[in-house]
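# Coordinates in review
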Amino acid sequence: MASSSSISITTIITFLFLFLLHTTAKKTYIIRVKHSDKPESFLTHHDWYSSQLQSQSSLLYTYTTSFHGFSAYLDSNEADSLLSSNSILDIFEDPLYTLHTTRTPEFLGLNSEFGVYTGQDLASASNGVIIGVLDTGVWPESKSFDDTDMPEIPSKWKGECESGSDFDSKLCNKKLIGARSFSKGFQMASGGGFSSKRESVSPRDVDGHGTHTSTTAAGSAVRNASFLGYAAGTARGMATHARVATYKVCWSSGCFGSDILAAMDRAILDGVDVLSLSLGGGSAPYYRDTIAIGSFSAMERGVFVSCSAGNSGPTRASVANVAPWVMTVGAGTLDRDFPAFANLGNGKRLTGVSLYSGEGMGTKPLELVYNKGNSSSSNLCLPGSLDSGIVRGKIVVCDRGVNARVEKGAVVRDAGGLGMIMANTAASGEELVADSHLLPAIAVGKKTGDLLREYVKSDSNPTAVLVFKGTVLDVKPSPVVAAFSSRGPNTVTPEILKPDVIGPGVNILAGWSDAIGPTGLEKDSRRTQFNIMSGTSMSCPHISGLAGLLKAAHPEWSPSAIKSALMTTAYVLDNTNAPLHDAADNSLSNPHAHGSGHVDPQKALSPGLVYDISTEEYIRFLCSLDYTVDHIVAIVKRPSVNCSKKFSDPGQLNYPSFSVLFGGKRVVRYTREVTNVGAASSVYKVTVNGAPSVAISVKPSKLSFRTVGEKKRYTVTFVSKKGVSMTNKAEFGSITWSNPQHEVRSPIAFSWNRF
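Definitions and cut-offs
- Residues numbered from 1 in each chain as written.
- Predicted model: local features only at pLDDT ≥ 70, side-chain atom pairs only at ≥ 80, totals over all residues.
- Heavy atoms only, no water.
- UniProt positions renumbered as here; feature names shortened; annotations may be inferred.
- Helix = DSSP H or I, 4+ residues; strand = E, 2+ residues; numbered from the N terminus.
- Buried < 20%, exposed > 50% of the residue type's maximum accessible area, 1.4 Å probe, protein only.
- Contact = heavy atoms within 4.5 Å.
- Polar contact = N/O pair within 3.5 Å; in protein donor to acceptor, adjacent residues only side chain to side chain.
- Pairing = 2+ DSSP bridges.
- Axes fitted to C-alpha atoms, helices over the stretch in contact; angles between N-to-C directions.
- Disulfide = S-S within 2.5 Å.
- Salt bridge = Lys/Arg side-chain N within 4 Å of Asp/Glu carboxyl O.
- Phe/Tyr/Trp six-rings, centres within 6.5 Å; stacked < 30°, edge-to-face > 60°.
- Lys NZ or Arg CZ within 6 Å of the ring centre and 35° of its normal.

### A look at the UniProt feature "active site" (unreviewed entry) in the protein
According to UniProt, the positions carrying the feature "active site" (unreviewed entry) are Asp135, His209 and Ser537. These annotated residues cover 403 residues of sequence, and their C-alpha atoms lie no more than 9.8 Å from one another, placing them together at a single site. Locating Asp135 in the fold gives a position in strand S6 (residues 130–135). Overall, the relative accessible area of 1% leaves Asp135 in the buried class. Sequence-distant contacts of Asp135, that is, excluding residues within four places in its chain, are made with Leu99, His209, Gly210, Thr213, Tyr247, Lys248, Val249, Cys250 and Ser278. Within polar-contact distance, the side chain of Asp135 engages the backbone nitrogen of Gly210 at 3.2 Å. Using a relative accessible area of 0% as the deciding quantity, one classes Ser537 as buried.

Have a look at this one:
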């Protein structure tokens, strides 16, 4: 009896402890407030917010521009008590986002003649453009931030260069004009401090990602740049004469929404023209998406926002950052490669890629091993999975997936292996991403990998020699859509086609941090001024830089006009004049993978027509969603909104592309408005590229513009043919308005059911 009573009391105490722990555990919350409710007795909103908290130290950030409200470190009881106030409209937990980890300018046609034919000096004009990058900070000593011959900083700039224990504010210059750090959300999630000794509450980049993205967008030209001998040449950003301002919001555990909102708030007030965010999370309604909320305020103030689409491809409906006022960027390949080969003992030669830069393996064949030992994960080369007695002195075949590609090589090396061949599985298909491995290693595609795995299993003495061939240019076909690039359809609003475009995102050379090796592994003691990386993180800043150039060329254009120019002039044929392909399985790509196509900055400078969208039209779009008025107010930051003129369908937004969702209907009709930004007295005729199951008609079929700036409307009717019954299948087409000078193309995606 005593024993039973003792157990019962212990159980009760444990339960009470866990209950109290749950109710008192603190988290960061983002709190949306009715901005106009501030009592006159409080001088500032900050003072008012502080008064509502039990402890003033709980207040992390006060938001004024990107969001109306504040973030605070609270337990659940404090959060619940705040909700009792009529002035508190919403409270949600701080969301966590992740990073979407020098031939590019030439590949895009950005040579020294770019922009000359327009009659203006783009280099001089872009001196006034400021590109803000939200990322892991900056390594200011990089040569890519050289400010030689740059004029004085634009007077509109209101930002600053913050100092820290490892960052002197004097490190900023006329190129890198601002550097700030936002870590309160991260610190609270980490228990009130920094989880890594390497991390510092300063703008300094100890990860490398932020330096890479910021120099991709607007790095100065650096001659004789390379990554350990690979991709040698001149490294330069897209807008070499634009200014850079960095906002450090990403830390070892990710990028917290409270920090991102604070940085966007500050960047807008600082005076940036472009915001570049190579990060994202899962899909969420726009009123709960901190990036969508902050970027709406940016757009309304004339700031162009570019975001990465994510690296969750080729999974369908995986695209992130899908708000229509954001440019969503997928990734494609360049016409540059880093070939490497595995010469097998059976006489076959397998082709792969590598950025290995150490000593070679010589010509002596080494034994190959695959999936041997007692561990069930030895095929993946996970830490601790390899038996050194089996792999020592041999080349290990590792399946791609689960852990980092470069970590697999480190695992092989630590177990005594002398080389590695990383073989793709179905998840990565035929996509090849080159890495700077710590030992001789190459990556091969799935088909080649299957041949290799079969050879190792069936041959009594499988051997190989690894050979590295450096850098090869003019690779065909290119571009190809990267397998990792996230795909549509858009799960938040299927009537908006996402991604918008693709840009270079595979094996991109750009500046790097001296605080970390090129692989990012602690074991990597190498240091390099430049690194080669892949991801939509890399494609996003390409478009950010190009948007900066368009802003310089056309300062009167809205963010929507710039976005339209980049979308409607994008191309969908590769350098062999064939339709774009998908690296996942080498099939033809489609707009759910590449959006409007691959950006073409030369043509974007003079698009002929643009699809412009006003703030009021975006509000009509939001009103067409199943959102409450409070939800819409959270995004647009106005005391109230009038939804009497809402769109009957979100697809009525004046978007440069079409995503037609039939649902239970057979007929969908949209009207679009185009603005003439080309020559006066221009005439455009329409060409329709249809889909098998849909009839498309456009009225009128000809648009005549007498003046520059004139607007014209046209209506497109989409009719699903009788008997069509499709579940998740999609079809595609396009509408192109053209004259002898311009082709203004809009892709169309058709679906019959929501994903």
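Moving on from the model shown.
### A look at the sheet that holds strand S37 (residues 743–751)
Taking strand neighbours across the sheet as the criterion, the five strands line up as S30-S37-S36-S32-S34 in an open arrangement whose pairing is mixed. The sheet is open, and its two edges are formed by strand S30 (658–661) and strand S34 (702–705), each paired on a single side. Strand-to-strand twist across the sheet, computed as the mean angle between neighbouring axes with direction ignored, equals 20°. Summarising the sheet, strand S36 (residues 730–738) and S37 pair through nine bridges and their orientation is antiparallel. Looking across to S37, one finds that Glu731 is bridged to Phe750.

### Describing the state of the cysteines
Applying the stated criterion across every chain, the model contains four disulfides. Sulfur-sulfur distance for the disulfide between Cys381 and Cys398 comes to 2.0 Å. Given an S-S torsion of about -85°, the disulfide between Cys381 and Cys398 has left-handed geometry. Taken as a pair, Cys381 in the loop between strand S20 (366–370) and helix H10 (388–391) and Cys398 in strand S21 (residues 395–399) lie far apart in primary sequence, 17 residues in all. Its relative accessible area of 0% is what places Cys381 among the buried residues. The connectivity of the disulfide-linked cysteines in the protein, indexed sequentially, is 1-2, 3-4, 5-6, 7-8. Its sulfur unpaired, Cys307 is 6.1 Å from the next cysteine sulfur, which belongs to Cys540. Cys307 gets classed as buried once you look at its relative accessible area, which sits at 0%.

### Considerations on the pattern of salt bridges
What the rule picks out here adds up to 25 salt bridges. Here Lys523 ties to Asp414 by a salt bridge, and the two come within 2.2 Å at their closest N and O atoms. Taken as a pair, Lys523 in the loop between strand S27 (508–511) and strand S28 (530–533) and Asp414 in helix H11 (residues 405–414) lie far apart in primary sequence, 109 residues in all. Residue classification places Lys523 among the partly exposed residues on the basis of a relative accessible area of 48%. With a relative accessible area of 46%, Asp414 lands in the partly exposed category.

### With respect to the pairing of strand S5 (residues 96–99)
Here S5 pairs with strand S12 (residues 254–256) via two bridges, running antiparallel. Following the sheet pairing, Tyr97 is matched in S12 by Cys255. Pairing of S5 with strand S14 (residues 279–280) involves two bridges; the strand directions are antiparallel. Bridge pairing in S14 links Thr98 to Gly280.

### A word on the packing of aromatic side chains
Within the structure shown, the criterion is met by 22 aromatic pairs. With centroids separated by 5.3 Å and ring planes inclined at 45°, the aromatic side chains of Tyr356 and Phe468 adopt a geometry described as tilted. Of the two residues, Tyr356 sits in the loop between strand S19 (349–353) and S20 while Phe468 sits in strand S24 (residues 463–468), which places them 112 residues apart along the sequence. These aromatic residues form a ring-pair network of at least three members: Phe658, Phe662, Tyr670, Phe718, Phe750 and Trp752. Residue placement shows Arg204 over the ring face of Trp139; its charged tip is 4.4 Å from the ring centre. Note that Arg349 overlies the ring of Phe341, its terminal NZ or CZ placed 3.9 Å from the centroid.

### Examining the environment of Leu625
By secondary structure assignment, the location of Leu625 is in the loop between helix H17 (615–623) and helix H18 (629–636). Along the primary structure Leu625 and Phe304 are separated by 321 residues, whereas in three dimensions their C-alpha atoms are 24 Å apart.

### Examining the sheet that holds strand S15 (residues 304–308)
Read from one edge to the other, the open sheet built from seven strands follows the order S7-S10-S6-S13-S15-S16-S26, with strand pairing classed as parallel. Two strands lie at the open edges of the sheet, namely strand S7 (176–181) and strand S26 (501–504), each paired on one side alone. Sheet twist, expressed as the mean angle between neighbouring strand axes with direction ignored, is 25°. Against the sheet, helix H14 (residues 559–568) contacts S15, strand S16 (327–332) and S26, and its axis sits at roughly 50° relative to S15.

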